[in-house]
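Reading the structure
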Amino acid sequence: MASPSIANLSINDDGEEEGFCFDLEEEVSEVSDLRLCLVGRFLCDKPIHVRSMKSRIADIWRAVKGVAIKEASEGLFLFQFEHKLDMEAVINGGPWSFDNHLLILEQVKLGIQIENIPLFHVDFWIQVHNLPAGFMIEKVGKAMASHIGMLVEYDKNNNTSFWRQYMRIRVKVDVRQPLKQSTRVKNKGGEWCVVNFKYEKLSTFCFVCGILGHSEQRCEVRFAMAEDTGKRGWSNEIRAENKKYGAPSSRWLRQERTKKSENFNPEIPGQARETQFPDEASMAAANGKSSANHGKINYESNKSFKAIYSPSNWSLNHKDSNPTISNHTAGAIKLGHVQQNIHLFQFNDPTKPSTQSLPNN
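Please read these numbers as outputs of a predicted model, since none were measured by experiment.

1. Description of helix α3 (residues 138-148)
Within α3 the residues assigned to the buried category are Val-140, Gly-141, Met-144, Ala-145 and Ile-148. Projected down its long axis, α3 shows its buried positions confined to an angular sector of 135°, all on one face. Residues of α3 that are exposed and point over 90 degrees away from its buried face: Lys-139 and Ser-146.

This is the structure:
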């Protein structure tokens with residue numbers, strides 16, 4: 001009679017049975033589905049409406065091959081993907097939230113019970129504001145990230161232009177700790193400067209203790225106060241502003257006054273439209289012509305005319321009351337002020353990169 005196999009049986013020094021030890025091979029097909037699973041929990045102090053959460057999360061993620069969501073235990077969820085690229089897109093696109101409650105995600109680790117996988121860290125994109133000039137470098141970014149948590153990624157776009165309002169770093173943040181708001185750096189002049197942190201996609205957090213997952217109405221620190229004076233150590237100042245998307249010209253479409261077409265764009269060739277500008281008199285005066293006869297500009301016959309729509313697209317340096325125009329609109333003769341923040345120029349030879357003085361209105 002064959003004896004039972006005891007290859008996987010572990011025996012301690014006292015001869016007592018301890019249990020079994022296994023070496024899991026990740027290539028085994030039985031565990032392949034688990035390698036495409038994330039485990040997560042929502043950082044909140046109330047139950048989640050599971051059915052609504054499943055629909056909402058699936059709509060936000062838009063996994064190409066789909067995602068299955070299952071509640072493994074109370075408050076603990078499994079997210080199973082059909083393709084690795086979908087899972088990676090979710091990991092890299094976070095943080096995610098439902099009903100303003102932060103979702104903490106980790107990849108399932110083979111050989112570990114999902115209840116024992118630590119769910120305490122979230123990767124945030126954080127903006128570092130008010131850095132001194134010349135400090136937009138990766139060395140500084142690593143130091144800022146170490147102060148907040150652990151560096152995950154340094155945004156390479158930080159160094160793609162000569163000026164950016166803030167540095168952007170991706171940091172692994174411990175949700176059990178208060179959110180860092182600022183720190184100090186010494187500039188090249190030896191002075192200490194305060195730099196501020198702003199968190200992108202920031203969900204519910206407490207203004208009293210600065211910890212994610214609850215508001216001040218349910219803060220233990222606030223309830224432990226002898227008297228609530230109303231003073232708060234945190235505010236919405238640490239929230240990064242959401243990016244606003246839309247047509248670049250929509251801001252100006254509310255202000256323009258056209259007679260024949262509300263959608264006319266002088267930048268699009270082949271549009272023969274007579275556009276009535278608000279400030280006809282100043283344009284006509286700049287051209288030395290009568291406003292009654294020349295208040296209208298036909299862009300089909302005047303292709304060298306161009307309206308500059310925003311001060312961010314050009315610059316005028318006022319010196320001795322004589323404005324000059326920067327290189328990217330060199331060779332232009334200013335015809336007149338059309339309306340607020342809009343000026344009209346005629347380009348004689350825009351290929352010559354030389355700055356010239358412009359006549360005053």
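2. Quick look at the side chain of Asn-187
Mapped onto the fold, Asn-187 is located in the loop between β11 (182-186) and β12 (192-199). One polar contact links the side chain of Asn-187 to the main-chain amide nitrogen of Gly-189, over a distance of 2.9 Å. Contact partners of Asn-187, with chain neighbours within four places excluded, come to Pro-132, Phe-135 and Cys-193.

3. Things to note about the sheet that holds β12
Strand order in the open sheet formed by five strands is β9-β10-β8-β12-β11, with antiparallel pairing between adjacent strands. Here the strands that pair on one side only, and so sit at the sheet edges, are β9 (150-154) and β11. Strand after strand, the sheet turns through a mean of 35° between neighbouring axes, direction not considered. Bridge count between β9 and strand β10 (residues 166-174): four bridges; the pairing is antiparallel. Following the sheet pairing, Tyr-154 is matched in β10 by Ile-169. Set on the sheet, α3 makes contact with β8 (121-129), β9, β10, β11 and β12; between it and β10 the angle comes to about 30°.

4. Quick notes on the sheet that holds strand β7 (residues 101-107)
Across a sheet, paired strands are connected by hydrogen bonds in the backbone, their directions being either parallel or antiparallel. With respect to topology, five strands assemble into an open sheet ordered β4-β5-β3-β7-β6, the strand pairing being antiparallel. This sheet does not close on itself; its edge strands, each paired only once, are β4 (67-73) and β6 (96-98). Sheet twist, expressed as the average angle between the axes of neighbouring strands with direction ignored, equals 35°. As defined by bridge partners, strand β3 (residues 37-43) adjoins β7 across six bridges and the pair is classed as antiparallel.

5. Details of the confidence of the model for the protein
This prediction gives the protein a mean pLDDT of 74; 59% of its residues lie at or above 70. Counting contacts from residues 255-264, a segment whose pLDDT is below 50, to residues more than four positions away or on other chains yields 15 contacts.

6. Comments concerning the nonpolar core
Core analysis: the largest hydrophobic core is formed by 39 residues, its most contacted members being Phe-124, Ile-126, Ile-169, Leu-179, Tyr-199 and Leu-212. Broken down by secondary-structure element, the contributors of at least two residues to this core are β3, β5 (76-81), β7, β8, α3, β10 and β12. Of all hydrophobic cores here, the second largest spans 17 residues; its members include Ile-57, Ile-69, Val-90 and Leu-105.

7. Quick notes on the packing of aromatic side chains
With the rule as written, the count across this model stands at seven aromatic pairs. Between Trp-61 and Phe-79, the aromatic rings sit 5.2 Å apart at their centres with planes inclined by 65°, giving edge-to-face as the arrangement. Placement of Trp-61 in helix α1 (residues 50-61) and of Phe-79 in strand β5 is noted, with a sequence separation of 18 residues between them. Both residues of the pair, Trp-61 and Phe-79, count as buried. For the ring pair Phe-124 and Tyr-199, a centre distance of 5.8 Å and an interplane angle of 90° mean the geometry is edge-to-face. With Phe-124 in strand β8 and Tyr-199 in strand β12, this pair connects stretches of sequence that are 75 residues apart.

8. Quick word on the pattern of salt bridges
Enumeration according to the criterion identifies 13 salt bridges in this entry. Of the charged contacts, one joins Lys-172 and Asp-123 as a salt bridge, the two residues approaching to 3.0 Å between their closest N and O atoms. Pair noted here: Lys-172 is in strand β10 and Asp-123 is in strand β8, with a separation of 49 residues, a long-range link. The exposure class of Lys-172 is partly exposed, given its relative accessible area of 23%. Where Asp-155 meets Arg-164, a salt bridge forms, and the shortest distance between an N and an O atom there is 3.6 Å. The partly exposed category is assigned to Arg-164, whose relative accessible area is 22%. Among the charged side chains, a network of salt bridges with common partners joins Asp-155, Arg-164, Arg-168 and Glu-200.

9. Brief notes about α1
Side chains of residues three or four places apart in an α-helix project in the same direction, reflecting 3.6 residues per turn. Helix length check: α1 (12 residues) gives 16 Å between terminal C-alpha atoms against 16 Å at 1.5 Å per residue, within 8%. Immediately beyond the C-terminal end of α1, within one or two residues, lies Arg-62, with a positive phi of roughly 50°.

10. Here we look at the pairing of β8
Consecutive residues of a regular strand have side chains that alternate between opposite faces of the sheet. Counted residue by residue, β8 has eight buried out of nine residues, so it is predominantly covered. Across nine bridges, β8 lies against β10 in antiparallel orientation. Its bridge partner being in β10, Ile-126 is matched across the sheet by Ile-169.

Calculation notes
- Residues numbered from 1 in each chain as written.
- Predicted model: local features only at pLDDT ≥ 70, side-chain atom pairs only at ≥ 80, totals over all residues.
- Heavy atoms only, no water.
- Buried < 20%, exposed > 50% of the residue type's maximum accessible area, 1.4 Å probe, protein only.
- Helix = DSSP H or I, 4+ residues; strand = E, 2+ residues; numbered from the N terminus.
- Arc of directions from axis to C-beta.
- Polar contact = N/O pair within 3.5 Å; in protein donor to acceptor, adjacent residues only side chain to side chain.
- Contact = heavy atoms within 4.5 Å.
- Pairing = 2+ DSSP bridges.
- Axes fitted to C-alpha atoms, helices over the stretch in contact; angles between N-to-C directions.
- pLDDT = per-residue confidence, 0-100.
- Core = buried A, V, L, I, M, F, W, Y, C linked by side-chain atoms within 4.5 Å.
- Phe/Tyr/Trp six-rings, centres within 6.5 Å; stacked < 30°, edge-to-face > 60°.
- Salt bridge = Lys/Arg side-chain N within 4 Å of Asp/Glu carboxyl O.
- Expected span 1.5 Å × (residues − 1).

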